[in-house]
Amino acid sequence: MQVILNTDWKNLLKDEFEKPYFKALSEFITEQYKQHTCYPKTEEIFNAFNYCSLDSIKVVIIGQDPYHGPNQANGLCFSVHDGIPHPPSLKNIFKEITASTNTPYPESGNLEHWAKQGVLLLNATLTVKTQEAGSHQKKGWETFTDTVIKKISDKKTGVIFLLWGGYAKKKTKLIDTTKHYILKSGHPSPLSANRGYWFGNNHFNETNLILKNNQLNTIEW
């Protein structure tokens, strides 16, 4: 697997790429992409980092796995390519934004514009085999992305972490809560959202209020 990083992440993470677990992960991913259809495309695996530099991070959203359907995953959690129907979780994210910020429902499910404003859209696992959710879990990606979260916590101040659902909430232990903000709610998936754990969390307004109070540009959701 070729690590394609264009930003300040390259220097921050270079030691990680030399560790045995990452070399083993890289070999596994290379073989998986040779033998099977996997997502996202190889050149998009590290998109979360390439669209949002370490220096520009204001907000971190943590997902679990890339979408495993054709042409969906684009390297940013919860995001899909332009023209692709919105998956259920993304629909609920947009519904919450529309309701809480009084803005129109977006046509495109591509969240690149969030990333370019300083929102790191990080999946815990960065790749997946087609139609097999979780197929690349516990191969080393989680070690890598946990390191990323810890480094953000160590190097930055005042980052807003949006932790949606039980899996993301477990990442709290990696974050220094004395110098960062954590907003928690249920997951936007229909199972959680329809039970009342997602809608009305007001995270998008709260995030912008924190940014405004810190004299930072707010996010255009």
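Please refer to the structure placed before this passage.
(A) Structural detail: the nonpolar core. Residues W9, I61, W114, L120, F144 and I152 are the most contacted members of the largest nonpolar core, which totals 64 residues. Those residues in contact with F144, other than ones at most four positions away along the chain, are L13, E16, F17, Y21, F22, F46, F49 and L126.

(B) Summary view of the sheet that holds strand β2 (residues 59-63). Read from one edge of the open sheet, four strands run β3-β2-β5-β6, paired in parallel fashion. Two strands in the sheet have a free side with no partner beyond their single neighbour: β3 (119-123) and β6 (181-185). In this sheet, adjacent strand axes meet at a mean angle of 20° when their direction is disregarded. Relative to β3, β2 runs parallel, the two sharing five bridges. The residue bridging V60 from the neighbouring strand is L120, located in β3.

(C) Highlighting unusual backbone geometry. Across the junction of Y39 and P40, the peptide omega takes the value -10°, indicating a cis bond. Secondary-structure assignment places P40 in the loop between β1 (38-39) and α3 (47-50). Residue F78 is not a glycine yet carries a positive backbone phi of 70°. Checked against the element boundaries, F78 lands in the loop between β2 and α4 (88-101). At Q215, a position not held by glycine, the phi torsion is positive, near 55°.

(D) View of the packing of helix α1 (residues 9-17) against helix α6 (residues 141-155). Running from amino to carboxyl end, α1 crosses α6 at an angle of 135°, the nearest separation of the two axes being 11 Å. Of the possible angle classes, the one that applies to α1 and α6 is oblique. Between α1 and α6 lies a crossing of right-handed hand. Within the contact between the two elements, α1 uses W9, L12, L13, E16 and F17 and α6 uses F144, T147, V148, K151, I152 and K155. Classifying every residue of the contact of α1 with α6 by side-chain character gives seven nonpolar, one polar and three charged.

(E) The arrangement of the side chain of E96 in detail. Looking at the secondary structure, you find E96 in helix α4. We note that E96 is buried and unpaired, the nearest opposite charge coming from K95 at a distance of 11 Å. Side-chain polar atoms of E96 contact the backbone nitrogen of G200, separated by 2.7 Å. Leave out the neighbours within four places in its chain, and E96 touches W198, F199, G200, N201, N202 and F204.

Definitions and cut-offs
- Residues numbered from 1 in each chain as written.
- Predicted model: local features only at pLDDT ≥ 70, side-chain atom pairs only at ≥ 80, totals over all residues.
- Heavy atoms only, no water.
- Core = buried A, V, L, I, M, F, W, Y, C linked by side-chain atoms within 4.5 Å.
- Buried < 20%, exposed > 50% of the residue type's maximum accessible area, 1.4 Å probe, protein only.
- Contact = heavy atoms within 4.5 Å.
- Pairing = 2+ DSSP bridges.
- Helix = DSSP H or I, 4+ residues; strand = E, 2+ residues; numbered from the N terminus.
- Axes fitted to C-alpha atoms, helices over the stretch in contact; angles between N-to-C directions.
- Parallel < 35°, antiparallel > 145°, perpendicular 65-115°, else oblique.
- Left-handed = near helix turned anticlockwise from the far one by under 90°.
- Nonpolar A, V, L, I, M, F, W, Y, C, P; charged D, E, K, R; others polar.
- Lys, Arg positive; Asp, Glu negative; His and termini not counted.
- Salt bridge = Lys/Arg side-chain N within 4 Å of Asp/Glu carboxyl O.
- Polar contact = N/O pair within 3.5 Å; in protein donor to acceptor, adjacent residues only side chain to side chain.

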